[in-house]
Amino acid sequence: MRAYLLVIVVAAAVTYLTTPLVRRLAQRVGAITPLRDRDVHSVPVPRMGGVAMLCGMVAALVVASQVPFLSRVFDTDPGPLWVLVGAAVVCAVGVADDIVQLDAVTKLAGQVLAAGIMGWQGVSLLQLPIGGVTLLSGRTMMVITILVVLVSVNAVNFVDGLDGLAAGIVGIGSIAFFGYSYALQRGSVPDDFSSLATLIAAITVGVCLGFLPHNFHPARIFMGDSGSMLLGLLMASSTIAATSTVDPETVADEQIAPAFFPLLLPIAVLLVPFSDMVLAVVRRTRAGKAFWHPDKKHLHHRLLQMGHSHRVAVLVMYSWAAFLSFGVASSAFLPLTQAFAVASAAGCVVLAVTFLPLYWRRNRPTVEPVAAVAGEDGPVRGAVVPSRSETSRT
């Protein structure tokens, strides 16, 4: 565990320290988020924060390769190198989009290229036999792997609408997945706790923690497409790598579902933004617009319209991400009744976090404004100005 904590600290520290440098670079190259109708910020903000995250990832991998406990991961095939290559590809595509605004087809091509490179080098979903028969070919599993990466990348991109929202949600989900993956590896291979899935999850936690201080409201820099696509790819690669730890020749039919259980965690974490993405596609298509055409009707926009402040809206979505991700992770270790009881209690807390601030804000007493009222000896400070209704009654 200490080796993974070291990786998290290194990734967080390098990301935190390089973010101000990336911010200055973004200002020089013109990677600035303009003011648009759908945005909630009031001043132009530099973006391209994914470059700092990539720097944190590279530093963490270099340190991990020198730690004896984790160096074994680099000797396996597939290794972290191809995840880094895929991350560099999507980050480069994102940087180009942050600067010159690429079209949707070009960005999609870059995402497919990154996912294809990882899948070609072995970071892909397993072909598990069902009833002793392998139903899907390797080429089909490659296509499914690419689809998993694309969904994860674009779901994170959709949720990146408020300061600190995407980094916080991905960080929370990665913490849950890190705990699940570490416990899974420790239980299956007692003499070797290292795995590619746990390492990538730890790096994802670190880069999110390092970037959040600069990105939380009011944000001094946005992650841009370079950051959102990078985080989406890291989430997808860690979950795909977790399925690769299973030996397809020895797994029994009743173990097929647990082998693919890691795929449920990112689905749970991104369930709310993924649902928002699906609704946006349906909404825009019905309105006769292209599904990638932006609007101001996403979930985070609706939370603001309900009356939540910027920070409270982000914290509400944090709570939902924690509820879903840790709820799914706990069900893998707790009996079903206990997991359901814990999830029910957590759900009540999340509902309270979502709606109590609105109730408190609507029902708190209003304080009348204080102004100076002229008296015989001059203005008297601290006098309460009567309200308009009181004035009409006198």
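Since we're looking at a predicted model, the values are computed, not measured.

Undergrad: What is the right way to read the packing of aromatic side chains from this model?
TA: Centre distance and the angle of the planes are the two values used to describe a pair of aromatic rings. Under the criterion given, the structure shown has six aromatic pairs. Judged by centre distance (5.6 Å) and plane angle (80°), the ring pair of Tyr4 and Phe178 falls under edge-to-face. Within this pair, whereas Tyr4 is found in helix H1 (residues 2–29), its partner Phe178 is found in helix H7 (residues 165–188), the two being separated by 174 residues in sequence. The two residues Tyr4 and Phe178 agree in class, both being buried. The interplanar angle of 80° and the centroid separation of 6.0 Å between the aromatic rings of Trp320 and Phe323 together place this pair among those described as edge-to-face. Residue Trp320 and its partner Phe323 are located together in helix H14 (residues 310–330), separated by three residues, close to a single helical turn. Exposure remark for Trp320: the relative accessible area of 27% places this residue in the partly exposed category. Here the aromatic residues Tyr4, Phe69, Phe178 and Tyr182 are joined through ring pairs into a cluster of three or more.

Undergrad: Would you mind going over helix H2 (residues 50–66) with me for this structure?
TA: For the α-helix, the turn length of 3.6 residues means that residues three or four positions removed from each other point alike. Compared with an ideal rise of 1.5 Å per residue, which puts 17 residues at 24 Å, H2 spans 25 Å between its outermost C-alpha atoms and is within 8% of the ideal. By the burial criterion, the buried members of H2 are Gly50, Ala52, Met53, Leu54, Gly56, Met57, Ala59, Ala60, Leu61 and Ala64.

Undergrad: Looking at this structure, how should I read unusual backbone geometry?
TA: Generally, phi is negative for residues other than glycine and the peptide bonds are trans, each holding for most cases. Along the chain, His217 connects to Pro218 via a cis peptide bond; the corresponding omega equals 0°. With respect to the helices, strands and loops of the structure, Pro218 is situated in the loop between helix H8 (196–215) and helix H9 (224–243). Backbone geometry at Met48 places phi at a positive 85°, although glycine is not the residue there. Position of Met48 among the secondary structure elements: in the loop between strand S2 (45–46) and H2. For Met48, a relative accessible area of 2% puts it in the buried group. Positive phi outside glycine occurs at Gln101, with the angle close to 60°. Examined against the element boundaries, Gln101 turns out to sit in the loop between helix H4 (80–100) and helix H5 (104–120).

Undergrad: How do you make sense of the UniProt feature "binding site: Mg(2+)" (unreviewed entry) in the protein when you look at a structure like this?
TA: UniProt feature "binding site: Mg(2+)" (unreviewed entry): in the numbering of this structure it lies at Asn157 and Asp225. A stretch of 69 residues holds the annotated residues, and the largest C-alpha distance among them is 6.8 Å, short enough that they meet in one place. Residues contacting Asn157, with those up to four places away along its chain left out, are Asp225 and Ser228. Tracing the sequence through the fold places Asp225 in helix H9. Accessibility expressed as a relative area gives 11% for Asp225, which makes it buried. Apart from residues no more than four positions distant in its own chain, Asp225 is found in contact with Gly94, Asp97, Asp98, Lys107, Asn157 and Leu230.

About the cut-offs
Residues numbered from 1 in each chain as written. Predicted model: local features only at pLDDT ≥ 70, side-chain atom pairs only at ≥ 80, totals over all residues. Heavy atoms only, no water. Phe/Tyr/Trp six-rings, centres within 6.5 Å; stacked < 30°, edge-to-face > 60°. Helix = DSSP H or I, 4+ residues; strand = E, 2+ residues; numbered from the N terminus. Buried < 20%, exposed > 50% of the residue type's maximum accessible area, 1.4 Å probe, protein only. Expected span 1.5 Å × (residues − 1). UniProt positions renumbered as here; feature names shortened; annotations may be inferred. Contact = heavy atoms within 4.5 Å.

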